Amino acid sequence: EALFARIGSASRTFITILDDGDYGYVEFLNSDIVVSEANTSVTVTLVRKRGWTGSVRVRIVSEDGTAIAPADYDVFNTDVIFEDGKNHTSFEVKLNPDTRFEFPNEFFRLSILEAEVTVNASSAYLRMEQSNMSECNIVIADDGDAGQIGFSSVDYFYPESGSRFEGVFPIT
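Right, let's walk through the structure included here. Along each chain, residues carry numbers from 1 onward, in the same order as the chain's sequence is written. Predicted model: local features are reported for residues with pLDDT of at least 70 only, side-chain atom pairs are reported and counted for 80 or more only, and whole-chain, interface and lining totals are derived from all residues. Side-chain calculation: all heavy atoms of the structure are included, whereas hydrogens and water are not.

## Focus: the overall build of the protein chain
Thinking step 1. Here a helix means four or more residues in a row that DSSP labels H or I, a strand means two or more in a row labelled E, and each is numbered from the N terminus. Along the backbone of the protein chain there are 0 helices and 9 strands.
Thinking step 2. N-terminal to C-terminal, the α/β element order of the protein chain is β-β-β-β-β-β-β-β-β.
Thinking step 3. In the protein chain, which comprises 172 residues, the share counted as buried stands at 32%.
Thinking step 4. Contacts are residue-level and defined by heavy atoms, with any inter-residue pair within 4.5 Å sufficient. Here the contacts in the protein chain between residues at least 6 apart in sequence split such that 71% fall between residues at least 24 apart.
Thinking step 5. Carbon and sulfur atoms provide 52% of the accessible area of the protein chain, an area that totals close to 11800 Å². Three labels apply to residues, based on accessible area from a 1.4 Å probe with only protein chains included: buried if under 20% of the type maximum, exposed if over 50%, partly exposed otherwise in between. Note on areas: Shrake-Rupley, 1.4 Å probe, and residue coverage restricted to the protein chains presented here.

If you want it as structure tokens, here you go:
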């Protein structure tokens, strides 16, 4: 007896077969990381995609934005290593907290300068053009350490005949 079936809305699909020997590419897990200025470090994660063969050395460098090294963070120019078969790794960047009120928030940038894979004592540079996130902005959010000046009321009424005005202006 014959069976009949209907073809659904997805009548075809694409399948990508990854060669086990592909080296893949590396990128930041997040394009922006926000951290309080009270923190002494920030954890940054790199991910390796579309290939896991060989160990990978990734050169990460920092670049000043509105946050300036070494006042706000330590200059970062370091190799980060992925062990063979690993698809993610994390590293720390040292922050230098201060007590100055800084508005708006400050930032600096981390960039992947290069990524080199080593397999069986041979090395090659990864093709980073596949990476969507080869930069990561670290946003240092001001924690309000100097406070804010505000009024205790939205409206103040003062008689015309008065000689001077006295009011309360709290620091919040």
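Next comes the rest of the description.
## Observations regarding the environment of Asn 137
Thinking step 1. Here Asn 137 lies in strand 9 (residues 135–141).
Thinking step 2. Between the C-alpha atom of Asn 137 and that of Leu 110, which follows or precedes it by 27 residues, the distance is 6.4 Å.
Thinking step 3. Ignoring anything within four residues of it in the chain, the contact list for Asn 137 reads Ser 31, Asp 32, Ile 33, Phe 107, Phe 108 and Arg 109.

## Here we look at the side chain of Ser 111
Thinking step 1. Structurally, the position occupied by Ser 111 is in strand 7 (residues 106–119).
Thinking step 2. Not counting chain neighbours up to four residues away, the residues in contact with Ser 111 comprise Phe 28, Arg 59, Ile 60, Val 61, Ser 134 and Glu 135.

## Quick notes on the nonpolar core
When a protein is soluble and globular, its nonpolar side chains tend to lie buried together.
Thinking step 1. Ranked by size, the top nonpolar core spans 28 residues in total, and within it Leu 46, Ile 60, Phe 91 and Leu 110 carry the most contacts.
Thinking step 2. Taken together, the elements giving at least two residues each to this core come down to strand 1 (25–28), strand 2 (32–36), strand 3 (41–49), strand 4 (55–64), strand 5 (77–82), strand 6 (88–94), strand 7 and strand 9.
Thinking step 3. Here this core gets 5 residues from one element, more than from any other, and that element is strand 7.
Thinking step 4. Filtering out sequence-adjacent residues up to four positions away, Leu 110 remains in contact with Phe 28, Val 44, Ile 60, Val 61, Ser 62, Phe 76, Phe 91, Val 93, Ser 134, Glu 135, Cys 136 and Ile 138. Nonpolar cores are built from buried Ala, Val, Leu, Ile, Met, Phe, Trp, Tyr and Cys residues. Side-chain atoms within 4.5 Å join them into one set.

## Describing the sheet that holds strand 3
Thinking step 1. With antiparallel pairing, the 3 strands of this open sheet are ordered in space as 1-3-6. Of all strands in the sheet, those bounded by a partner on one side alone are strand 1 and strand 6. Put simply, the sheet's adjacent strands are angled 30° from each other on average, direction ignored.
Thinking step 2. In this description, strands pair whenever DSSP reports at least two bridges between them. Of the pairings in the sheet, the one linking strand 1 to strand 3 comprises 4 bridges and is antiparallel in character. Looking at the pairing, Glu 27 lines up with Val 47 of strand 3. Axis geometry follows a simple rule: fit a line to the C-alpha atoms, using only the stretch in contact for helices, then measure angles between N-to-C directions, giving values from 0 to 180 degrees.

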